[in-house]
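Examining the three-dimensional arrangement
Spelled out, the chains give:
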Amino acid sequence: MNTTIAAEDRAASRLVQRAFERLTGRGGKMLHYALMDDTPVGLLGLAAGPAGLRRLDFIEDEDQFVARLLRLFPDQPVERSSALDPVRRELEGYFKGKHFIFEAPVDLSAATPFQQQVLRELTKVPAGKVTTYSRLAARVGRPGAARAAGNAMHNNPVAIIVPCHRVLRGDGSLGGYGGGLPAKQWLLRLEGALL
Amino acid sequence: MHADALSLLLAKHGLELARHLRRLVRDDDVAADLLQDTFLLAHGALARLKAGSNERAWLYRIATNAALNHLRSLSREAAALERHARARDVTAPAWLDEDGPGAATGEADPRHAMVWARVAELPERQRVAFSLRASTACDYEEIARRMGGTADAARANVYQAMKTLRKEFR
């Protein structure tokens, strides 16, 4: 039954792909997206291509998120689909504190090489621990590039799963966060890094 | 930004409407055309969609109408084809009713070609005898001379061929 539904969706998706190509010239690989309402950190937008998750954003509404995807990925057709259901389930488990490790593959190829390096280094910081912008910069061999490391956090395409909320300022203050500081505090408390 | 209004609509509702159209028309190529028509139409009429009205329900209505129009034109086409087939129904070409096929083999009759297609499948001696008799108006002596054998054998072959054809085309 499930495989029948999946086959039906694959066939329907091919029609969407054709429509995008004919009507808008977007001939690239399909980018799937989904929303998560009512999470403890607000409304989330997720998007994935064949190589993995490309966006996990804190968003205002669906139109704003889709417009952002269309701008960031100008060659790709985009569709709302159930392809991201496994990632959504992983995130639900995470928000309940059931696990802090994600299986879903992440595709960081849209970031610059330096940013990719920093973000990959960041994924080695486990839940319950925190680091700082300057320590992160030092770990990729660029001590003194704390500001650049901070920019990489700011441009993190996959929030939460690439855990930029685990990075604090050198003085121990929270620093910034794309989802707002209350969200950053909530996540750090969930992981036991903050009381 | 306005060009991407179409992309925005497609991204949000494309998959769901593609699924809907495939279920209605059961043909992927037709559904693909209807999906494109739907979004082009919707995009053209987007300005007339009142703010706050249900975009999704509106798209469903456009898609469903497009599919129903297609299915209606399809059934009209099927009815026309059926009428046409009935008019061409092969009963009996006039020249099969006569004593034997003569020179007047009804060239203008559309059934002619179908009868000759069946002749091509007859046993060889029947086929050759019938063809000589029908298309060259040979008498049985002449046919016997060309094929070998007797005039009576030629007559019998033409008779067998006629019998088969009359049975099938009457």
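Residues numbered from 1 in each chain as written. Chains lettered and ligands numbered in written order. Predicted model: local features only at pLDDT ≥ 70, side-chain atom pairs only at ≥ 80, totals over all residues.

**Thoughts on the overall build of chain A**
Applied cut-off: Only DSSP runs of H or I covering at least 4 residues are called helices, and only runs of E covering at least 2 are called strands; the numbering of each starts at the N terminus. Values of the radius of gyration come from C-alpha atoms, whereas the globule rule sets the reference at 2.2 Å times the count of residues to the power 0.38. To sort residues by exposure, count the other C-beta atoms lying within 10 Å of each residue's C-beta; 20 or more gives buried, 12 or fewer gives exposed, and values between give partly exposed, all with C-beta atoms placed from the backbone. We call two residues in contact if the C-beta atoms placed from their backbones are at most 7 Å apart.
Check the secondary structure of chain A and you find 7 helices and 6 strands. Of the regular secondary structure in chain A, the N- to C-terminal order runs α-β-β-β-α-β-α-α-β-α-α-β-α. Its C-alpha radius of gyration of 18 Å places chain A within 12% of the 16 Å reference for a compact globule of 195 residues. If one aligns the C-alpha atoms of chain A with their principal axes, the spans along those axes are about 55 × 35 × 25 Å. Of all 195 residues assigned to chain A, the portion counted as buried reaches 35%. The long-range fraction of contacts in chain A, counting pairs at least 24 apart against all pairs at least 6 apart in sequence, stands at 57%.

**Thoughts on the pairing of strand S1 (residues 31–39) of chain A**
All names here are of chain A. This is how it is decided: Being paired, for any two strands, means DSSP has found at least two bridges between them.
In the sheet, S1 pairs with strand S4 (residues 78–80) via 3 bridges, with the strands oriented parallel. Looking at the pairing, His32 lines up with Glu79 of S4. Judged from the 6 bridges that link them, S1 and strand S2 (residues 42–49) form a sheet pairing that is antiparallel. Paired with Leu35 across the bridge in S2 is Gly45. Counting the residues that bridge the hairpin from S1 to S2 gives 2 residues.

**Quick word on the domain arrangement of chain A**
All names here are of chain A. Definition in use: Domain start and end points were adopted from an automatic or database domain assignment.
With domains assigned, chain A is organised as domain 1 (2–95) and domain 2 (113–190). Of note, the centres of domain 1 and domain 2, computed from C-alpha atoms alone, are 25 Å apart. Contacts between the two partners involve 9 residues from domain 1 and, on the opposite side, 10 residues from domain 2.

**What about the packing of helix H4 (residues 113–122) of chain A against helix H6 (residues 146–154) of chain A?**
Residue and element names in this part refer to chain A. As a reminder of what qualifies: Here an angle of 0 to 180 degrees is reported between the N-to-C directions of two axes, which are lines fitted to C-alpha atoms, with helices fitted over the stretch in contact. Any angle between 65 and 115 degrees counts as roughly perpendicular, while under 35 counts as roughly parallel, over 145 as roughly antiparallel, and the rest as oblique.
Where H4 contacts H6, the two axes come as close as 9 Å, and the packing angle between them is 85°. For the element pair H4 / H6, the angle class is roughly perpendicular. Side by side, H4 and H6 meet where Phe114, Gln115, Val118 and Leu119 of the first sit next to Ala148, Ala149 and Ala152 of the second.

**Quick notes on the packing of helix H7 (residues 140–147) of chain B against helix H8 (residues 151–169) of chain B**
Residues and elements named next belong to chain B. Selection rule: When residues are sorted by character, Ala, Val, Leu, Ile, Met, Phe, Trp, Tyr, Cys and Pro go into the nonpolar class, Asp, Glu, Lys and Arg into the charged class, and all the rest, Gly among them, into the polar class.
Where H7 meets H8, the axes come as close as 8 Å, and the angle between the chain directions of the two elements is 100°. By the angle class used here, H7 and H8 are roughly perpendicular. On the side of H7, the interface is formed by Tyr140, Glu141, Ile143, Ala144 and Met147, while H8 contributes Ala151, Ala153, Ala154 and Arg155. For the contact of H7 with H8, the residue count by class is 7 nonpolar, no polar and 2 charged.

**Some thoughts on H8(B)**
All names here are of chain B. Just so we agree on the cut-off: By this rule the span expected of a helix is its residue count minus one, scaled by 1.5 Å. It is the directions from the helix axis to the C-beta atoms whose arc is reported.
For H8, spanning 19 residues, the distance from its first C-alpha to its last is 27 Å, which sits close to the expected 27 Å at 1.5 Å a residue. Looking only at H8, the buried set comprises Ala154, Asn157, Val158, Ala161 and Leu165. All buried residues of H8 project into a common sector of 95° when viewed along the axis, lining one side. Exposed and facing more than 90 degrees away from the buried side of H8 are Asp152, Lys163 and Lys167.

**Remarks on the sheet that holds S2(A)**
Residue and element names in this part refer to chain A. Judged by pairing direction, the sheet is mixed, and its 4 strands sit side by side in the order S3-S2-S1-S4 without closing on themselves. For this open sheet the edge positions go to strand S3 (52–58) and S4, each flanked by a neighbour on one side alone. Neighbouring strand axes in the sheet, compared pairwise and without regard to direction, differ in orientation by 25° on average. One ladder, built from 6 bridges, connects S2 with S3; its direction is antiparallel. For Gly49, the partnering residue across the bridge sits in S3 and is Gly52. Here helix H2 (residues 62–72) sits on the sheet in contact with S1, S2, S3 and S4, set at roughly 150° to S1. On top of the sheet, helix H3 (residues 85–95) reaches S1, S2 and S3; it is set at about 25° to S1, its chief contact.

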